[in-house]
Amino acid sequence: MTPPVLLSSSSVFPEPTAAAFELAASLGYDGLEVMVWTDAVSQDLGALRGLSDHYGVPVLSIHSPCLLVTQRVWSPDPWERLRRSAELAEALGAPTVVVHPPFTWQRDYARGFSSGLSRLTAKHPTVRFAVENMYPVRLARREVVIYSPGWDPTAAGFEAYTLDISHCAAARVDALDMADAMGPALAHVHLGDGTGEGRDEHLVPGRGTQPCGQLLSSLAARGFTGAIAVEVATRRARSRAEREEALSEALAFARQHLAAGSAIDARHG
């Protein structure tokens, strides 16, 4: 079986979370990744369950509120936000919670991050906390790392990872090398392209220069059992139709390359 392809609710921004369910259903996505942010619906179990049932779209991943703009969603305490993300995932039957490495100024959180994730995993055994690769911030000719212990989670080592291809482009690292470094702990993929110009772009896959197709085609041979979440920026779309076209293109790209990889793996199996 090929991995499910999810629509990240962030891909419909500035439309709300409810629109992500509608678009995922109409375009034929296998499920949704809910980005928990300032939209009240994204934080509410009852609302999410009702939308999931109404549109027939399961929630298969929760992105914890760990962006700069979501530091006070639910609570200013990052552990409380992560705990509530896990409870939301459990209640919706989502096997994955995506989490970023701590910011450098979150010293206490950073010091206990690895052990804290292990404790949460023990309390929520049906949920994988997949730590996402990030990227350095470039200011003029300087690189500033705002994550602790760094933007590459494989340097510290965790039980599960999210591989974000657009972030690889922003960090100017090869996504295939990152997948190799994550190894069997690769649990989740954020699918978005980039040009490698040092900024986070989240382009529709195939519109940048990254090895999106190669990465997807390699997953079967890697024994990948997670999901692919399309996380692309459509905020500049001039209409709903233009947004739908971009998201439909991304879905077709994902399915084409996932199927090709499964066929190759079956022939060599």
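The structure this text deals with has already been given above.
Residues numbered from 1 in each chain as written. Predicted model: local features only at pLDDT ≥ 70, side-chain atom pairs only at ≥ 80, totals over all residues. Heavy atoms only, no water.

Visitor: Is there a simple way to explain the overall build of the protein in this structure?
Guide: Helix and strand counts for the protein come out as 10 helices and 10 strands. Dimensions of the protein, computed from C-alpha atoms along their principal axes, come out at roughly 45 × 40 × 40 Å. Here the protein, with 269 residues, has 52% of them falling under the buried criterion. Residue pairs at least 24 apart in sequence account for 75% of intrachain contacts in the protein once pairs closer than 6 positions are excluded. Of the accessible surface of the protein, which amounts to about 11,900 Å², a share of 52% is contributed by carbon and sulfur atoms. Across the protein, the mean location of the 24 positive side-chain charges is 6 Å away from that of the 30 negative side-chain charges. (Helix = DSSP H or I, 4+ residues; strand = E, 2+ residues; numbered from the N terminus. Buried < 20%, exposed > 50% of the residue type's maximum accessible area, 1.4 Å probe, protein only. Contact = heavy atoms within 4.5 Å. Areas by Shrake-Rupley, 256 points an atom, 1.4 Å probe, with all protein chains shown as cover. Lys, Arg positive; Asp, Glu negative; His and termini not counted. Charge placed at Lys NZ, Arg CZ, Asp CG, Glu CD.)

Visitor: Mind showing me how you'd approach the pattern of salt bridges here?
Guide: Side chains that differ in sign of charge can pair as their charged atoms come close. One pass over the full model with this rule turns up 14 salt bridges. Its salt-bridge partner being Arg-138, residue Glu-143 comes within 2.9 Å of it at the nearest N-O pair. On the basis of relative accessible area, Arg-138 is assigned to the partly exposed category, the value being 24%. Across the pair Arg-240 and Glu-244 runs a salt bridge whose closest N-O atoms are separated by 3.9 Å. Of this pair, Arg-240 and Glu-244 both sit in helix 10 (residues 240-268), 4 residues apart, which is roughly one turn of the helix. Residue Arg-240 is classed as partly exposed on the basis of its relative accessible area of 27%. Residues joined by salt bridges that share partners form a network here, namely Glu-15, Glu-22, Arg-240, Arg-243 and Glu-244. (Salt bridge = Lys/Arg side-chain N within 4 Å of Asp/Glu carboxyl O.)

Visitor: What should I look at first to understand the pairing of strand 10 (residues 227-230) in this one?
Guide: For a regular strand, side-chain orientation follows a simple rule: the groups alternate between the two sheet faces. Residues of strand 10 alternate between two faces, with Ala-227 and Ala-229 on one and Ile-228 and Val-230 on the opposite face, all of them buried. In the sheet, strand 1 (residues 5-8) pairs with strand 10 via 3 bridges, with the strands oriented parallel. Note that in strand 10 the partner of Val-5 across the bridge is Ile-228. The pairing of strand 9 (residues 186-191) with strand 10 spans 4 bridges and is classified as parallel. When the bridges of strand 10 are listed, His-190 appears paired with Ala-229. Following the chain from strand 9 across helix 9 (residues 212-218) to the adjacent parallel strand 10, one finds a crossover that is right-handed. (Pairing = 2+ DSSP bridges. Right-handed = clockwise from strand over helix to strand, strands pointing away.)

Visitor: Just checking my understanding: could you explain helix 4 (residues 78-92) for this structure?
Guide: Within an α-helix, residues lying three or four positions from one another point in the same direction, as the helix has 3.6 residues per turn. The terminal C-alpha atoms of helix 4 lie 21 Å apart, and with 15 residues this matches the ideal 21 Å at 1.5 Å per residue to within 8%. Taking the backbone nitrogen of Trp-79 as reference, a side-chain oxygen 3.0 Å away marks Asp-77 as the first, capping residue of helix 4. A positive phi of about 75° marks Gly-93, the residue just after helix 4. (Expected span 1.5 Å × (residues − 1). Polar contact = N/O pair within 3.5 Å; in protein donor to acceptor, adjacent residues only side chain to side chain.)

Visitor: Help me understand the packing of helix 4 against helix 6 (residues 113-123) in this model?
Guide: Contact geometry of helix 4 with helix 6 gives a least axis separation of 11 Å together with a crossing angle of 30°. Regarding the angle of helix 4 to helix 6, the classification is roughly parallel. Viewed along their axes, helix 4 and helix 6 form a crossing whose handedness is right-handed. Only Phe-113, Gly-116, Leu-117, Leu-120 and Lys-123 of helix 6 make contact with helix 4, whose side of the interface consists of Trp-79, Leu-82, Arg-83 and Glu-90. Its residues assigned to classes, the contact of helix 4 with helix 6 shows 5 nonpolar, 1 polar and 3 charged. (Axes fitted to C-alpha atoms, helices over the stretch in contact; angles between N-to-C directions. Parallel < 35°, antiparallel > 145°, perpendicular 65-115°, else oblique. Left-handed = near helix turned anticlockwise from the far one by under 90°. Nonpolar A, V, L, I, M, F, W, Y, C, P; charged D, E, K, R; others polar.)

Visitor: Hey, could you run me through a nonpolar patch on the surface in this one?
Guide: The grouping of Leu-68, Val-69 and Trp-105 at the surface amounts to a nonpolar patch, some 350 Å² of accessible area in total. Looking at where Trp-105 falls in the secondary structure, it is placed in the loop between strand 4 (96-99) and helix 5 (107-111). On the basis of relative accessibility, which here comes to 47%, the residue Trp-105 falls in the partly exposed class. (Patch = residues over 30% accessible without salt bridge, like charges linked within 9 Å, V, L, I, M, F, W, Y side chains within 5 Å.)

Visitor: Got a minute to help me understand the side chain of Arg-243 in this structure?
Guide: Positionally, Arg-243 belongs in helix 10. In contact with Arg-243, not counting residues within four places along its chain, are Ser-11, Val-12, Phe-13, Pro-14, Glu-15, Leu-23, Thr-234, Arg-235 and Ala-237.

Visitor: How should helix 1 (residues 17-27) be read in this particular structure?
Guide: Buried within helix 1 are the following residues: Thr-17, Ala-19, Ala-20, Phe-21, Leu-23 and Ala-24. Once helix 1 ends, the next one or two residues include Gly-28, with phi positive near 95°.

Visitor: Whenever I open this one, the nonpolar core confuses me. Can you help?
Guide: Within soluble globular proteins, side chains that are nonpolar generally end up buried alongside one another. Ranked by size, the top nonpolar core spans 71 residues in total, and within it Tyr-29, Ile-62, Leu-163 and Leu-219 carry the most contacts. Per-element accounting of this core gives the leading share, 7 residues, to helix 10. (Core = buried A, V, L, I, M, F, W, Y, C linked by side-chain atoms within 4.5 Å.)

Visitor: What exactly am I supposed to notice about the packing of aromatic side chains here?
Guide: Any aromatic ring pair is given by two values, namely how distant the centres are and how the planes are angled relative to each other. Scanning the model with the defined rule gives 8 aromatic pairs in all. Look at Trp-79 and Phe-113: their rings are 6.3 Å apart centre to centre, the planes differ by 35°, and that puts the pair in the tilted class. Taken together, the positions of Trp-79 in helix 4 and Phe-113 in helix 6 put the pair 34 residues apart, joining distant regions of the chain. The class for Trp-79 is partly exposed, based on a relative accessible area of 24%. (Phe/Tyr/Trp six-rings, centres within 6.5 Å; stacked < 30°, edge-to-face > 60°.)

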